[in-house]
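The residues making up each chain are set out below.
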Amino acid sequence: MTPTRPVPVDVISIQSQVVYGRVGNNAAIPALEACGLLAAAVPTTLLSNTPHYPSVHGGAVPEAWLAGWLDDLEARGIPDRARVVQIGFLGDPAQARILASWWSRIHERHPHLRLHLDPVIGDYDHGVYVADGMAEALTTRLVPAAHGLVPNRFELEQLTGTRLRGLDDCREAARALLHGAAQWIVVTSVQGDPEGAVVQTLLETRDGTSTLFEHPRVPCAVKGVGDYFAARLTGHLLLGCEVSQAVDRACRETTERLDLTRHLGWEELAIHAPGRSAKP
């Protein structure tokens, strides 16, 4: 019999999963695959759809399931070859504890791995929409371990306990998180006017570089945009882009997806047009 070896997974993506919709891993996995990368999807919640629909069923996965899935990935040798662990929406603060313990163990054994964290907490339109205690769990357990962070402005406020009144405040708060393992932080939607003509994204790096990106605002309020953006950012970094170039490309691609979604009139993010191949 011909010897076999594990699939060379590039990214272990740990976030929500829905039956219908484009949020969490439903957005991240196709975004990564469009970059030519292989990903393993680990769900933290299993839902029929996002809660903004009239009905929703499901919830956070049991703690034993999540811990077991992570252990089995290690048993299959996936962290040996993976390059990034990407964490997004968590269903319960206890999941942050499980992930922090797992990450500490595997990063010690596989120091080449990088942790990219999208600290999902909420936004200005809906407020906090995660379980009670999540901001504290993220701040104490996962933020210090992350090599890269991708919060929106609302989440940056929650993580730092600071009211952000302008761009200078955002820069200062972002730099406050650049300690421990963190090498860069990308803050989305940093502008004060949520109805403005442009979307601003801020990049702060450990070496002191500060870059502001601006892209046209697309009037399209679908869910999962941040999940798609974070995955494309990771994808371009793994393809060899410098972080500023990766942010710029992810911003432009996200804008294109929103424009396509609006053109199609869909209620969920159009990762690629129907009948067309998905290209990075």
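This is a predicted model, so every value here is computed, not measured.

Q: Any chance you could break down the pairing of strand 1 (residues 11-18) for me, citing the residues and the numbers?
A: The element strand 1 is extensively covered by neighbouring structure, given that seven of its eight residues are classed as buried. Taken together, strand 1, helix 1 (residues 25-33) and strand 2 (residues 39-47) form a β-α-β motif whose crossover is right-handed. For strand 1 and strand 4 (residues 84-87), the ladder comprises four bridges, and the chain directions are parallel. Among the inter-strand pairings, Ile12 is bridged to a residue of strand 4, identified as Val85.

Q: An account of the packing of aromatic side chains is requested, with residue identities and associated values reported.
A: Taken as a whole and judged by the stated rule, the model has three aromatic pairs. With a centroid separation of 6.0 Å and 55° between ring planes, the pair formed by Tyr20 and Tyr53 is classed as tilted. Within this pair, whereas Tyr20 is found in the loop between strand 1 and helix 1, its partner Tyr53 is found in the loop between strand 2 and strand 3 (58-60), the two being separated by 33 residues in sequence. Note on Trp65 and Trp69: the rings are 5.9 Å apart at their centroids and 50° apart in plane angle, and the pair reads as tilted. Residue Trp65 and its partner Trp69 are both found in helix 2 (residues 63-75); the two are separated by four residues, about one turn of the helix.

Q: So what's going on with the packing of helix 4 (residues 93-109) against helix 5 (residues 134-142)? Which residues, and what values?
A: Close contact between helix 4 and helix 5 brings their axes to 8 Å; oriented N to C, the two are set at 10°. Judged by the angle between their axes, helix 4 and helix 5 are roughly parallel. Two secondary-structure elements touch here, helix 4 through Pro93, Ala96, Arg97, Leu99 and Ala100 and helix 5 through Met134, Ala137, Arg141 and Leu142. When the residues that make up the contact of helix 4 with helix 5 are grouped by side-chain class, the tally is seven nonpolar, no polar and two charged.

Q: Let's hear about the nonpolar core: which residues, and what values?
A: Within the largest apolar cluster, 50 residues are counted, with the highest numbers of intra-cluster contacts made by Ile12, Ile14, Val85, Ile87 and Leu142. It is helix 4 that provides the largest number of residues to this core, a total of seven residues. Those residues in contact with Leu142 that sit more than four places away from it in its chain are Ile87, Leu90, Ala96, Leu99, Ala100, Leu115, Leu117 and Ala137. Core analysis: the next-biggest nonpolar cluster, separate from the first, contains 17 residues, Val11, Val218, Ala231 and Ile271 among them.

Rules used in this analysis
Residues numbered from 1 in each chain as written. Predicted model: local features only at pLDDT ≥ 70, side-chain atom pairs only at ≥ 80, totals over all residues. Heavy atoms only, no water. Buried < 20%, exposed > 50% of the residue type's maximum accessible area, 1.4 Å probe, protein only. Helix = DSSP H or I, 4+ residues; strand = E, 2+ residues; numbered from the N terminus. Right-handed = clockwise from strand over helix to strand, strands pointing away. Pairing = 2+ DSSP bridges. Phe/Tyr/Trp six-rings, centres within 6.5 Å; stacked < 30°, edge-to-face > 60°. Axes fitted to C-alpha atoms, helices over the stretch in contact; angles between N-to-C directions. Parallel < 35°, antiparallel > 145°, perpendicular 65-115°, else oblique. Contact = heavy atoms within 4.5 Å. Nonpolar A, V, L, I, M, F, W, Y, C, P; charged D, E, K, R; others polar. Core = buried A, V, L, I, M, F, W, Y, C linked by side-chain atoms within 4.5 Å.

Purely geometric stuff here, so don't read any function into it on its own.
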